[in-house]
Amino acid sequence: MSEQPLPREIRCVLVPVGNLRLLLPNATVAEVITFANPEPVPDAPEWLLGRIAWRGWRVPLVSFTKLAGAEEGDAELAVRVAVLKALGDNPDVPFVAVVTQGFPRLTTLNAELIIPTHDGKPLPRGVKAQVLVRDDIAVIPDLEGIENDVTELLRQAS
């Protein structure tokens, strides 16, 4: 079996969360929807806002700014929810949602356009890498770690 070459360009989305921009592959974002008040999860940390109803699923809703200890950003911007396809193999949590502000922006990137900016300090919780994308500082979230934390919290709550 031969190995497939890596794509030269990747379609990505810059998702605004507070004063941060999350850099995600476009294929990860299932849908961007209007914010709805979540159903609380008992004894959940502040960053797990609860669960929202979406297409027959009860999707956990995460505040990435609270998780990473980042600034909340402009309260005047419209609050939305980005529903993300989970990377793990847990059939009970196939999606995780993240609160966003403003609209996600599509972009096409290649390796030369993503420049690591990490200064050696420990990264905030939920962050896998910090990068410069053209003129924007962005973070690559640790989606697998977030999913594992959410899955464990939901298991404890049930």
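Residues numbered from 1 in each chain as written. Predicted model: local features only at pLDDT ≥ 70, side-chain atom pairs only at ≥ 80, totals over all residues. Heavy atoms only, no water.

A. A look at the side chain of Ser63. Along the chain, Ser63 turns up in the loop between β5 (57-62) and α1 (64-68). Beyond its immediate stretch of four places on either side in the chain, Ser63 contacts Trp47, Leu49 and Glu72. (Helix = DSSP H or I, 4+ residues; strand = E, 2+ residues; numbered from the N terminus. Contact = heavy atoms within 4.5 Å.)

B. Fine view of empty space enclosed by the protein. Scanning the entire structure with this criterion turns up one cavity of 30 Å³ or more. Considering only enclosed or pocket space, the largest cavity measures out at about 50 Å³ in volume. Lining the largest cavity are Leu22, Val62, Phe64, Leu84, Val96, Val98, Pro141, Leu143 and Ile146. Looking at the lining of the largest cavity, the elements with two or more residues in it are β7 (95-101) and α2 (143-157). (1 Å grid on protein atoms, 1.4 Å probe; cavity = no way out; pocket = protein on both sides within 12 Å on 5 of 7 lines; lining within 4 Å. Points joined across faces, edges and corners; volume = space filled by probe spheres on them.)

C. A look at the layout of surface pockets. Considered as a void within the structure, the largest pocket measures approximately 380 Å³ in volume. Lining the largest pocket we find 21 residues, and of these Ile10, Cys12, Leu23, Pro25 and Ile140 sit closest to its centre. Those elements giving two or more residues to the lining of the largest pocket turn out to be β1 (10-17), β2 (20-25), β11 (136-141) and α2. No other element matches β2, which puts three residues into the lining of the largest pocket.

D. Focus on the side chain of Glu147. Inspection of the secondary structure puts Glu147 in helix α2. When residues no more than four places from it in sequence are discounted, the contact partners of Glu147 are Lys85, Ala86, Leu87, Gly88 and Val96.

E. Up close: the sheet that holds strand β6 (residues 79-85). Reading across from one edge, β3-β6-β7-β5-β4 is the order of the five strands in this open sheet, with mixed pairing throughout. Strands with a single pairing partner mark the edges of an open sheet, and in this sheet they are β3 (29-34) and β4 (48-54). With strand direction ignored, the average angle separating the axes of adjacent strands in the sheet is 30°. Both β6 and β7 contribute to a ladder of seven bridges, which runs antiparallel. Residue pairing in the sheet places Arg80 in a bridge with Thr100 of β7. Here α2 sits on the sheet and contacts β4, β5, β6 and β7; the angle it forms with β5, its principal contact strand, is near 115°. (Pairing = 2+ DSSP bridges. Axes fitted to C-alpha atoms, helices over the stretch in contact; angles between N-to-C directions.)

F. The pattern of salt bridges, seen in detail. The full count for this structure, using the stated rule, is five salt bridges. Across the pair Arg125 and Asp149 runs a salt bridge, and its minimum N-O distance is 3.1 Å. In this pair, Arg125 is assigned in the loop between β9 (114-116) and β10 (127-133) and Asp149 in helix α2, connecting sequence segments 24 residues apart. (Salt bridge = Lys/Arg side-chain N within 4 Å of Asp/Glu carboxyl O.)

G. Local environment of the nonpolar core. Among the nonpolar cores identified, the biggest contains 25 residues, and Leu22 and Phe64 are the most heavily contacted of them. Elements supplying a minimum of two residues to this core: β1, β2, α1, β6, β7 and α2. Not counting residues within four places of it along the chain, the set of residues in contact with Leu22 comprises Val13, Leu14, Val15, Val17, Phe64, Val98, Val139 and Pro141. (Core = buried A, V, L, I, M, F, W, Y, C linked by side-chain atoms within 4.5 Å. Buried < 20%, exposed > 50% of the residue type's maximum accessible area, 1.4 Å probe, protein only.)

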